[in-house]
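Chain by chain, the residues run as shown.
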Amino acid sequence: MHWLLLLLALVALAVAFKTTSLAMLVICLLVALGLSLAWVMKLLALRVDSQSRDTSMILDPMELRRLREQAEARRAATGNPPGTPPAT
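The paragraphs below set out a description of the structure included in this document. (Residues numbered from 1 in each chain as written. Predicted model: local features only at pLDDT ≥ 70, side-chain atom pairs only at ≥ 80, totals over all residues. Heavy atoms only, no water.)

Here's the deal with the overall build of the protein chain
- Scanning the protein chain for helices and strands turns up three helices and zero strands.
- Listed by position from the N terminus, the elements making up the protein chain come as α-α-α.
- The burial tally for the protein chain puts 10% of its 88 residues in the buried class.
- Taking as baseline every contact in the protein chain between residues at least 6 positions apart, the subset at least 24 positions apart corresponds to 43%.
- Accessible surface, the protein chain as shown: approximately 7400 Å² in total, 69% of it carbon and sulfur. (Helix = DSSP H or I, 4+ residues; strand = E, 2+ residues; numbered from the N terminus. Buried < 20%, exposed > 50% of the residue type's maximum accessible area, 1.4 Å probe, protein only. Contact = heavy atoms within 4.5 Å. Areas by Shrake-Rupley, 256 points an atom, 1.4 Å probe, with all protein chains shown as cover.)

This is the structure we're talking about:
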């Protein structure tokens, strides 16, 4: 989809170069500028989206509490108090 924006911007720029009307030139240049900016923003949005974490991997508070309770139970079973690190 983002490549379509770039293609349309290039078409608008080509029309701006070929036209003899000043009004059409201004309109085509503004359209080309707008489509180019939209293309860059879409490209940046895709890059940010590819670098972000998967939201389905985020733990909810109930799951986090359950994991903490399991860890505390394991520590209590080995004899370590909750404040001390486990012996390796």
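Picking up where we left off.
Observations concerning the packing of helix 1 (residues 2–18) against helix 2 (residues 22–51)
- Where helix 1 meets helix 2, the axes come as close as 8 Å, and the angle between the chain directions of the two elements is 160 degrees. Classified by the angle their axes make, helix 1 and helix 2 are roughly antiparallel. Note on packing geometry: the crossing formed by helix 1 with helix 2 is left-handed. In this structure, helix 1 uses His 2, Trp 3, Leu 5, Leu 6, Leu 8, Ala 9, Ala 12, Leu 13, Val 15 and Ala 16 to contact helix 2, whose residues at the interface are Leu 25, Cys 28, Leu 29, Val 31, Ala 32, Leu 35, Ser 36, Ala 38, Trp 39, Lys 42, Leu 43 and Leu 46.
- Each residue belonging to the contact of helix 1 with helix 2 can be placed in one class, and the counts come to 19 nonpolar, two polar and one charged. (Axes fitted to C-alpha atoms, helices over the stretch in contact; angles between N-to-C directions. Parallel < 35°, antiparallel > 145°, perpendicular 65-115°, else oblique. Left-handed = near helix turned anticlockwise from the far one by under 90°. Nonpolar A, V, L, I, M, F, W, Y, C, P; charged D, E, K, R; others polar.)

Focus on the side chain of His 2
- Relative to the helices and strands, His 2 resides in helix 1.
- Leaving out residues up to four positions away in the same chain, His 2 has contacts with Trp 39, Lys 42, Leu 43 and Leu 46.

Section: helix 1
- If you check helix 1, its first and last C-alpha atoms are 25 Å apart, about what 17 residues at 1.5 Å a residue would give, namely 24 Å.
- Within helix 1, burial applies to His 2, Leu 5, Ala 9, Ala 12 and Ala 16. In a view along the axis of helix 1, the buried residues occupy a sector of 75 degrees, so they form one face of it. Residues of helix 1 that are exposed and point more than 90 degrees away from the buried face comprise Trp 3, Phe 17 and Lys 18.
- Tucked inside the fold, the buried residues of helix 1 contact helix 2. (Expected span 1.5 Å × (residues − 1). Arc of directions from axis to C-beta.)

As for a nonpolar patch on the surface
- Residues Met 1, Leu 4, Leu 7, Leu 8, Val 11, Val 15 and Met 24 make up a contiguous nonpolar surface patch of about 640 Å² in total accessible area.
- With five residues, helix 1 is the single largest residue contributor to the nonpolar patch.
- Along the chain, the position of Val 11 falls in helix 1. (Patch = residues over 30% accessible without salt bridge, like charges linked within 9 Å, V, L, I, M, F, W, Y side chains within 5 Å. Salt bridge = Lys/Arg side-chain N within 4 Å of Asp/Glu carboxyl O.)

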